[in-house]
Amino acid sequence: MRFLITGGAGFIGSHLAERLLERGDHVVLLDNLSTGSMENIRHLKSHDRMQYFLDSIENRQLLAELVDDAEVVVHLAAAVGVRLIVESPVRTIETNVNGTQLILEAASKKRKLVVTASTSEVYGKNMQVPFREDADLVLGPTTKGRWSYAASKALDEFLALSYWKEKKLPVIVVRLFNTVGPRQTGRYGMVLPNFVGQALDGKPITVYGSGKQSRCFCDVRDVVEALMRLMETQHAVGEVVNVGNTEEVTIRIRALRPGL
Ligand code: UDP
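Each value, and the rule that gives it
Residues numbered from 1 in each chain as written. Predicted model: local features only at pLDDT ≥ 70, side-chain atom pairs only at ≥ 80, totals over all residues. Heavy atoms only, no water. Core = buried A, V, L, I, M, F, W, Y, C linked by side-chain atoms within 4.5 Å. Buried < 20%, exposed > 50% of the residue type's maximum accessible area, 1.4 Å probe, protein only. Helix = DSSP H or I, 4+ residues; strand = E, 2+ residues; numbered from the N terminus. Salt bridge = Lys/Arg side-chain N within 4 Å of Asp/Glu carboxyl O. Patch = residues over 30% accessible without salt bridge, like charges linked within 9 Å, V, L, I, M, F, W, Y side chains within 5 Å. Areas by Shrake-Rupley, 256 points an atom, 1.4 Å probe, with all protein chains shown as cover. Pairing = 2+ DSSP bridges. Axes fitted to C-alpha atoms, helices over the stretch in contact; angles between N-to-C directions. Near = heavy atom within 4 Å. Polar contact = N/O pair within 3.5 Å; in protein donor to acceptor, adjacent residues only side chain to side chain. Nonpolar A, V, L, I, M, F, W, Y, C, P; charged D, E, K, R; others polar.

**Student:** Please give an account of the nonpolar core that cites residues and values.
**Tutor:** Residues Ile-5, Leu-16, Val-74, Val-174 and Met-231 are the most contacted members of the largest nonpolar core, which totals 36 residues. Examining the composition of this core, we find that seven residues originate from one element, helix H8 (residues 220–231), more than from any other. Within the second largest apolar cluster, 24 residues are counted, among which are Ile-57, Leu-102, Tyr-163 and Val-171.

What follows is the structure in structure tokens.
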């Protein structure tokens, strides 16, 4: 099969590319290196079934050509990371909303399957765990910039599902929870690489707040496996699917185990 992965030089995209190439598929990566990096794909560059384009998904002509050549489009290009979102809310909203719209529009012309990445952030302040895909999304006020990320991703979901309902474009929306593993960078504020980097440098570990907040961390290799299985599942088309881990971990382990 031939895959186009937007955000292919990113953390998750590069792992997906690696697995698809191992399986014998053809992979084209499109990435503007805004948060991705050549380092992530250096080991794949010489592969004869892989091509990469360092360009923006806003290059409509290139995008149209790449979508034409692909059978499946995996849309992972997005503004991610709390730090980036707080510092550049305009970029976050524009990249996430315009980018997804361009992908869906291009794919729709040729009815190519689109797998698009959303986030567990869309559940917002909803406290009813485990989160079900049909649960209410409880977001904060628009005056608080951090909610723009969740709102932009929720809009991406609406758009993707509307393309399915109205134009019969096959789409699968995956809500990714905290994904961790090799090559994840701490540059954009993600907790695990931050903590590991601090520990390796002998620096204090920066636990924000009480540390009682919890997350479900999923290994990127499991996330990739889930994506690959979903793409082969006809029932997944037109659906939203959580991809994460069932085990909750508090950021500060002592919050769970007072004896430590
Ligand atoms: N966090 C922390 N120290 C850090 C980075 C993050 O305590 O250096 C906390 C952060 O406040 C949040 C959790 O770890 O409660 C997960 O943060 P991350 O940005 O990795 O993911 P997200 O908040 O988007 O789930």
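**Student:** Just give me the short version of the pattern of salt bridges, but keep the residues and values in it.
**Tutor:** Scanning the model with the defined rule gives 14 salt bridges in all. The salt bridge partner of Arg-23 is Asp-25, with a shortest N-O separation of 2.7 Å. Glu-232 serves as the salt-bridge partner of Arg-23, at 2.9 Å between the closest nitrogen and oxygen. Of this pair, Arg-23 sits in helix H1 (residues 11–23) while Glu-232 is found in the loop between H8 and strand E9 (239–243), placing the two residues 209 residues apart along the sequence. Given a relative accessible area of 58%, Glu-232 falls into the exposed group. In this structure, a network of salt bridges that share partners links the residues Arg-19, Glu-22, Glu-225 and Arg-229.

**Student:** Requested: an account of a nonpolar patch on the surface, with residues and values cited.
**Tutor:** Nonpolar side chains collect at one region of the surface, where Leu-192, Val-196 and Leu-200 lie side by side and expose about 300 Å² of accessible area between them. Tracing the backbone shows Val-196 in helix H7 (residues 191–200). Of the residues examined, Val-196 reaches a relative accessible area of 46% and is grouped as partly exposed.

**Student:** Describe the sheet that holds strand E3 (residues 50–54), and please don't skip the residues or the numbers.
**Tutor:** The seven strands lie next to each other as E3-E2-E1-E4-E5-E6-E9, forming an open sheet whose pairing is parallel. What marks the edges here is a single partner per strand, and that holds for E3 and E9. Within this sheet the neighbouring strands show an average axis-to-axis angle of 20°, counted without direction.

**Student:** Tell me about the pairing of E9, residues and numbers included.
**Tutor:** Within E9, four of the five residues are buried, leaving the element largely enclosed by the surrounding structure. In terms of strand pairing, strand E6 (residues 171–176) meets E9 through five bridges, oriented parallel. When the sheet's bridge partners are listed, Leu-176 is paired in E9 with Val-243.

**Student:** Could you give an account of the site of the ligand, with specific residues and numbers?
**Tutor:** Of all residues adjacent to the ligand, which total 14 residues, the nearest are Val-191, Asn-194, Thr-206, Tyr-208 and Arg-215. At a separation of 3.0 Å, an oxygen atom of the ligand approaches a polar side-chain atom of Asn-178. A distance of 2.8 Å is found between an oxygen atom of the ligand and a backbone nitrogen or oxygen belonging to Tyr-208. Burial of the ligand by the surrounding chains reaches 86%, relative to a free accessible area of 520 Å². In terms of residue class, the shell around the ligand is made up of seven nonpolar, five polar and two charged.

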